[in-house]
Amino acid sequence: MTNLLPAGFDWFPVVLSLKVAALATVLALAAGVALGWLFARKPFPGSSILESFCMLPLVLPPTVIGYAILVAAGRRSPLGAWLREHFDYTLIFNWHGAVVASAVVALPLVLKSASAAFSNIDRTLEAAASTLRQSRWSVFVRVTLPLAWPGILAGTLLAFARAMGEFGASLMVAGSIPHRTQTLSMSIYDAVQAGQDDLALVLVLITSVLSVSILAVSNRYLSLR
Amino acid sequence: MRRSRYACLLIALALPVCAHAAELTVSAAASLTNAFTELGKQFEAQSPGDTVRLNFAASGTLLQQLSQGAPVDVFASADQATMDRAVSQKLVDGGTRHDFVTNSLVLITPAQDAPQISTLQDLTGAAVERIAVGKLATVPAGRYTRQALQAAGLWGTLEPKFVQADSVRQVLDYVARGEVDAGFVYRTDAAVMRDKVRIALTAQGHTPVSYPIAVATDSRHKALAGRFLDFLGTPAARQVLQRYGFGTP
């Protein structure tokens, strides 16, 4: 196996990609479930417009998302300037930027699946749980969430897959800095640009094998059926 | 009847292709973007019927496209090393190669809220957090930068601050937006965004920046490509290049 790898092969992009995709998936999962529940169960005036707005990252090119994050959190933006002044923190050219970009791009996938899952639950089951002196939180965790889980899981796996493959938005926000922000997809791009086709091929194989196995394993162990 | 109608349609679709049989594709270094866009229009004006398609990117990226069979007629690189590789891989006709402009490498900072920089040594200060440079593998400006900083003995010290860009124009964009504190571009690039960036100093210690141009080996319009190269030597074209800040070799 080690013979297949080019001499001095750098595992950093592989590790970073996994880290970025995992964190982005967790963020997208938390925000997607919360928003999905809100849109499905507590509609308010303008909620359908807001839901459509949250779906935008799926429709818009990733470069638009990248540009939006640059404008919103760049050094010259109010938020970017505030973060820099008070915490000496910058999202741009930082791998955290890739996490945010991937999470935004992956959010619609969790949101839509979670919202559909919550809408399809038989409400009488929750009503029955409420009669058993369960608190509303307890009903949510012990009845609603398990019932909606298959849908949420499907969305989460899609989100992870999307985050693993993220390129455009992350490149614009985090740049492609070797050993700091360079993910797998970026190092493949760089290798092809520099004419290192062998390296590109190895990276393509690694990313394919990794993504397929992670998706297969999580599908097997996380589905509660 | 219907068949003849289809035939008419086919002919109508094919006509524009015939009329513009000569479509010249010029792959040029990113730093030539503004000058070549203007020169392309001038060339079209004096060569009726022909169109010039321009493809701008880092010289290394253009070489890669050329080696993968991109239908290119003329290749202009921002350094000799990239053109040397094109010649040795027989991607361009070495006989047509010649240098047509020169340039110089400068250090720029954002026009507003930038740290005070007057020497390369100032880049080591804490006020400079990030420096944009072209990717070494594909961007000639990145390699000129490395030579200049190595000559000053600062390359290793500054390396942790580098943000690598896909082309010299991306370096310019990063500095103009204030996302980095400094960057290395050509003098001609800095002139394009005069209001947004400020030239701090001219870099020394790198090989002279001269741009070679040549006709691609697989070009299907070699005569037209040759005419485009000749056109770049005319007084009218020289005037345009000069106006954008390019020097004469």
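Along each chain, residue indices are assigned from 1 in the same order as the chain's sequence is written. Ligands are numbered from 1 and chains lettered from A, in the order in which they are written. A pLDDT threshold of at least 70 governs which residues receive local features in this predicted model, and a stricter bar of 80 or more applies before side-chain atom pairs are shown or counted, although totals over entire chains, interfaces and linings include all residues.

Visitor: Help me out: how do you make sense of the sheet that holds strand S1 (residues 23–29) of chain B in this one?
Guide: Whether parallel or antiparallel, the strands of a sheet pair through hydrogen bonds between backbone atoms. Residues and elements named next belong to chain B. Pairing between strands is defined by DSSP: at least two bridges between the two strands are required. Strands are runs of DSSP state E lasting at least two residues, helices are runs of H or I lasting at least four, and both sets are numbered from the N terminus onward. If you walk across this open sheet you meet the 5 strands as S2-S1-S3-S10-S4, and the pairing is mixed. Each having just a single partner strand, strand S2 (51–57) and strand S4 (98–103) make up the two edges of the open sheet. Strand-to-strand, the axes of this sheet are offset by a mean angle of 20°, without reference to chain direction. Examined bridge by bridge, S1 and strand S3 (residues 74–76) share 3 bridges and lie parallel to one another. Across the sheet, residue valine 26 finds its bridge partner in S3, namely valine 74. C-beta atoms are placed from the backbone for every residue, and two residues are taken to be in contact when these atoms lie within 7 Å. Between N-to-C directions, angles cover 0 to 180 degrees, with each direction set by a line fitted to C-alpha atoms, over the stretch in contact for helices. Along the sheet, helix H2 (residues 33–46) makes contact with S1 and S2, crossing S2 at roughly 170°.

Visitor: How should I be thinking about the packing of helix H3 (residues 62–73) of chain A against helix H5 (residues 95–119) of chain A in this particular structure?
Guide: Describing two packed helices takes the angle between their axes plus the distance from one axis to the other. Residues and elements named next belong to chain A. For the pair H3 and H5, interaxial distance at closest approach is 10 Å and the crossing angle is 130°. The angle between H3 and H5 falls in the class oblique. In the crossing of H3 with H5, the sense of the turn from one axis to the other is right-handed. Together, Pro62, Ile65, Gly66 and Ile69 of H3 and Val100, Ala101, Val104 and Val105 of H5 make up the contact between the two elements. Here the residues of the contact of H3 with H5 sort into 7 nonpolar, 1 polar and no charged. Any angle from 65 to 115 degrees is called roughly perpendicular, while one under 35 is roughly parallel, one over 145 is roughly antiparallel, and all others are oblique. It is the rotation of the near helix from the far one that decides the hand of a crossing: anticlockwise by less than a right angle makes it left-handed, clockwise makes it right-handed. For this classification, Asp, Glu, Lys and Arg are treated as charged, while Ala, Val, Leu, Ile, Met, Phe, Trp, Tyr, Cys and Pro are nonpolar and the rest, including Gly, are polar.

Visitor: Sorry, what's going on with H2 of chain B here?
Guide: Each α-helix turn comprises 3.6 residues. Residues three or four places apart therefore point the same way. Residues and elements named next belong to chain B. Expected span, for any helix, means 1.5 Å times one less than how many residues it has. Spanning 14 residues, H2 covers 20 Å between terminal C-alpha atoms, matching the ideal 20 Å at 1.5 Å per step. Buried within H2 are the following residues: Thr33, Ala35, Phe36, Leu39 and Phe43. Looking straight down H2, one finds that the buried residues subtend no more than 145° of arc, so they occupy a single side. For H2, exposure combined with an orientation more than 90 degrees from the buried face picks out Lys41 and Ala45. Its buried side turned inward, H2 meets S1, S2, helix H7 (168–176), helix H9 (222–231) and helix H10 (235–243). Counting other C-beta atoms within 10 Å of a residue's C-beta gives its exposure: the residue is buried at 20 or more, exposed at 12 or fewer, and partly exposed in between, where C-beta atoms are placed from the backbone. Taking the helix axis as origin, the arc is that swept by the directions to the C-beta atoms.

Visitor: Explain the pairing of strand S7 (residues 162–165) of chain B here, please?
Guide: Two faces, one strand: in a regular strand the side chains alternate between the faces of the sheet. All names here are of chain B. Taking every second residue as pointing to the same face, both faces of S7 are buried, with Phe162 and Gln164 on one and Val163 and Ala165 on the other. Across 4 bridges, strand S6 (residues 131–134) lies against S7 in parallel orientation. Bridge assignment links valine 133 to a residue of S7, and that residue is glutamine 164.

Without other data, these values stay purely geometric and don't point to any function.
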